[in-house]
Amino acid sequence: MPKDKVKKSAKEIENNRLKYFLWPAILIPLFVGIIPYFTGIGLSFTNWKLAISNIKFVGLRNYIEMFTNPDFWNALKVTGIFSGVSLFIEIIIGFFVGWLLSGKLKGISFFRSIILIPLMVAPVLSALMWKLMLPQHGIINYLLSFLGIPAVSWLSNPNTALMTLVCIDAYINIPFVAIIILAGFQALPKEPYEAAAVDGASKLFIFKKITFPLVTPLILVALIFRLILSLKTFDIIYATTGGGPGALTTNLHLYAYLNTFKYGQAAKSTSVVLILFLIIFIVAFKLIKLWTEATEYQK
């Protein structure tokens, strides 16, 4: 066979291969994400309920009722507190753990392995494990009694329930942040540090002017992923408190779920989910813009 025909057939095979890989990448997000999203927008303007089949257009009624409902504003406040505090803890501790794991200490490979254990367990199972340890007569209170701390029912006490959920979420997701930061530390170039050492720069100066700016894009990547996931947290809260006590731990995602499957208000739940999506999109867009500026700074 002539060489030009061989090259042509090889090129056709490559083009066909790209098509076969490209179409699933286009069609799957289209059917799984985009079409249901726009369908949800349409249904949010109706009276859709699980118990009825006659769906009618009601305009902005669902949104008006949502924004005048104190339960929605409580769920929005819980979402903001839960996400904000958990992200702060996870990024700070995750950065510190990632920095420690980047060292060349003896046995560091063992610690890099065990840090992954919380990520190997499904979040709902981790949440149930903590639920078993946190009752008033659980193992956590038993251990704290040696420090003179009185026993508390951590998940049912109105003063401690939300922050306890934050700590459970941090336990599960700090390793994720730490692994990303560790990858950033291991990819740092040697040249800036060698130049700083020649100039006699202090360790604090090197950290502020070299290390932190270089690792900032990785911090923002971890922040973006964790922000999106924390704003729509459902499994941890549902498995431990179910949104209680009262509605003190009911976030927007759980609020939408309860509206659908407990009260049958599917259209109202759809409007809540769309507002949650809008919040996630706006905040993620801002963080991606910061990430772009941070990466442009390094070029």
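Residues numbered from 1 in each chain as written. Predicted model: local features only at pLDDT ≥ 70, side-chain atom pairs only at ≥ 80, totals over all residues. Heavy atoms only, no water.

### Comments concerning the packing of aromatic side chains
Applying the stated criterion across every chain, the model contains 21 aromatic pairs. Centre to centre, the rings of Tyr-142 and Phe-146 are 5.2 Å apart; their planes meet at 80 degrees, and the pair counts as edge-to-face. Exposure remark for Phe-146: the relative accessible area of 60% places this residue in the exposed category. With a centroid separation of 6.3 Å and an interplanar angle of 25 degrees, the aromatic rings of Phe-277 and Phe-281 are classed as stacked. Residue Phe-277 and its partner Phe-281 are located together in helix H13 (residues 266–298), separated by four residues, close to a single helical turn. According to the relative accessible area criterion, Phe-277 is partly exposed, its value standing at 38%. Counting every residue linked through ring pairs, the aromatic cluster contains Tyr-37, Phe-38, Phe-277, Phe-281 and Phe-285. (Phe/Tyr/Trp six-rings, centres within 6.5 Å; stacked < 30°, edge-to-face > 60°. Buried < 20%, exposed > 50% of the residue type's maximum accessible area, 1.4 Å probe, protein only. Helix = DSSP H or I, 4+ residues; strand = E, 2+ residues; numbered from the N terminus.)

### Quick look at the nonpolar core
Core analysis: the largest hydrophobic core is formed by 19 residues, its most contacted members being Leu-134, Ile-140, Trp-154, Leu-165, Ile-168 and Ile-236. One finds Ala-75, Leu-231, Ala-256 and Ile-280 within the second-largest nonpolar core, a separate group that totals 17 residues. (Core = buried A, V, L, I, M, F, W, Y, C linked by side-chain atoms within 4.5 Å.)

### Overview of the packing of helix H6 (residues 123–133) against helix H8 (residues 161–186)
Running from N to C, H6 and H8 point in directions that differ by 135 degrees, and their axes come no closer than 10 Å. It follows from the interaxial angle that H6 and H8 lie oblique. Considering only the axes of H6 and H8, their crossing is right-handed. On H8, the residues touching Pro-123, Ser-126, Ala-127, Met-129 and Trp-130 of H6 are Ile-168, Tyr-171 and Ile-172. Looking at the contact of H6 with H8 residue by residue, the classes come out as seven nonpolar, one polar and no charged. (Axes fitted to C-alpha atoms, helices over the stretch in contact; angles between N-to-C directions. Parallel < 35°, antiparallel > 145°, perpendicular 65-115°, else oblique. Left-handed = near helix turned anticlockwise from the far one by under 90°. Contact = heavy atoms within 4.5 Å. Nonpolar A, V, L, I, M, F, W, Y, C, P; charged D, E, K, R; others polar.)

By themselves, these figures tell us nothing about what the structure is for.
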